[in-house]
Amino acid sequence: MKPDYERIAGDYRKSRPQYPERLVAMIADWTPAGPVEALDVGAGTGIGTRALAGVLGPRAAILAIEPSPAMRQEVEAAQGISWRDGNAEALPSADVAVDLVFSAQALHWFDRPAFWRECGRVLKPDGAVAILYNNRDWRRDAFAAGYEVLLERYSPGYRRDYREFDIAGELGALGWTACSQEESEAWQRPMRRDAFMAMSRSSSRAQAARDAVGAATFDREVEALMDRHANANGFVEVVYRCVLTLAAKRS
């Protein structure tokens, strides 16, 4: 299923979560002390890109690669970041040219074997790959679990475990990687009801559910789920588990 970015890009920019600062800061430890050439692949509206730029600072030149014109139109300008059309399977970079390949919340859209090959091609020796994911923790959070039930009921072909592939294992099995690391952090995001609905609208999976059953029906069920789980102030607490996976290229 290909997402309809024309419909979701605005809500995506406004409503998607940020990433835990501790995990983003770890990426800087895998980059050289001097200037850094970095790619952000599947950069979307730049939420992860700006977080990366914040920890790398002015020494970094980040090329954000995003194939959707609608997503690129929602980008907020930031120093040190340039944008271009492109895809993960044919990175717009010369061989052995970059210090870091970063991707946040996008790997499930890629042809991963082709992307890993491209990472090995463009990275300098000792360069790093960093993959970052925020996932609703439906194993620990009854509200998140209830929302996953709705998506599985109404979104054609959807399974809540669709992003649970072994990123560390795939990176470790590549011939060009020298070492890898995985870190995670659990965190909670209190959200007003309208903010959660905007985030739901930013999801291609939820849009597929709306198309299948009708927006009014799906949204009514999400509203009822929030009624059951909202606190006294009208907020729902969304529990996330953010995972950062890193690997370095052999020198």
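Since we're looking at a predicted model, the values are computed, not measured.

1. Remarks on helix α6 (residues 142-154)
- Helix length check: α6, at 13 residues, gives a terminal C-alpha distance of 19 Å against a target of 18 Å (1.5 Å per residue), a fit within 8%.
- Tucked inside the fold, the buried residues of α6 contact β5 (123-136), α8 (193-201), α9 (204-213), α10 (215-229) and β7 (235-249).
- Where α6 starts, the residue carrying a side-chain oxygen 3.1 Å from the main-chain nitrogen of F143 turns out to be D141.

2. A short note on the nonpolar core
- Among the nonpolar cores identified, the biggest contains 32 residues, and I27, L100, F102, L132 and L244 are the most heavily contacted of them.
- The greatest single-element share of this core, amounting to five residues, is contributed by helix α2 (residues 21-28).
- If we ignore the near neighbours within four places in the chain, the residues touching F102 are I27, L39, D40, V41, G48, T49, L52, A130 and L132.

3. Concerning the packing of aromatic side chains
- Evaluation of the coordinates by the stated rule reveals eight aromatic pairs.
- Judged by centre distance (6.3 Å) and plane angle (85°), the ring pair of Y154 and F218 falls under edge-to-face. Here the residue Y154 occupies a position in helix α6, and F218 occupies one in helix α10, the gap between them amounting to 64 residues. Taken as a pair, Y154 and F218 share a single burial class, namely buried.
- Here a set of aromatic residues connected by ring pairs shows up, and it is made of F143, Y147, Y154, F196 and F218.
- Sitting over the face of the ring of Y162, R205 holds its NZ or CZ atom 4.2 Å from the ring centroid.

4. Overview of unusual backbone geometry
- Here the phi dihedral of Q105 falls at roughly 65°; this positive angle occurs in a residue that is not glycine.
- Looking at where Q105 falls in the secondary structure, it is placed in the loop between β4 (98-104) and α5 (112-122).
- Given a relative accessible area of 11%, Q105 falls into the buried group.
- At D126, a position not held by glycine, the phi torsion is positive, near 75°.
- Checked against the element boundaries, D126 lands in strand β5.
- According to the relative accessible area criterion, D126 is exposed, its value standing at 52%.

Rules used in this analysis
Residues numbered from 1 in each chain as written. Predicted model: local features only at pLDDT ≥ 70, side-chain atom pairs only at ≥ 80, totals over all residues. Heavy atoms only, no water. Helix = DSSP H or I, 4+ residues; strand = E, 2+ residues; numbered from the N terminus. Expected span 1.5 Å × (residues − 1). Contact = heavy atoms within 4.5 Å. Polar contact = N/O pair within 3.5 Å; in protein donor to acceptor, adjacent residues only side chain to side chain. Core = buried A, V, L, I, M, F, W, Y, C linked by side-chain atoms within 4.5 Å. Buried < 20%, exposed > 50% of the residue type's maximum accessible area, 1.4 Å probe, protein only. Phe/Tyr/Trp six-rings, centres within 6.5 Å; stacked < 30°, edge-to-face > 60°. Lys NZ or Arg CZ within 6 Å of the ring centre and 35° of its normal.

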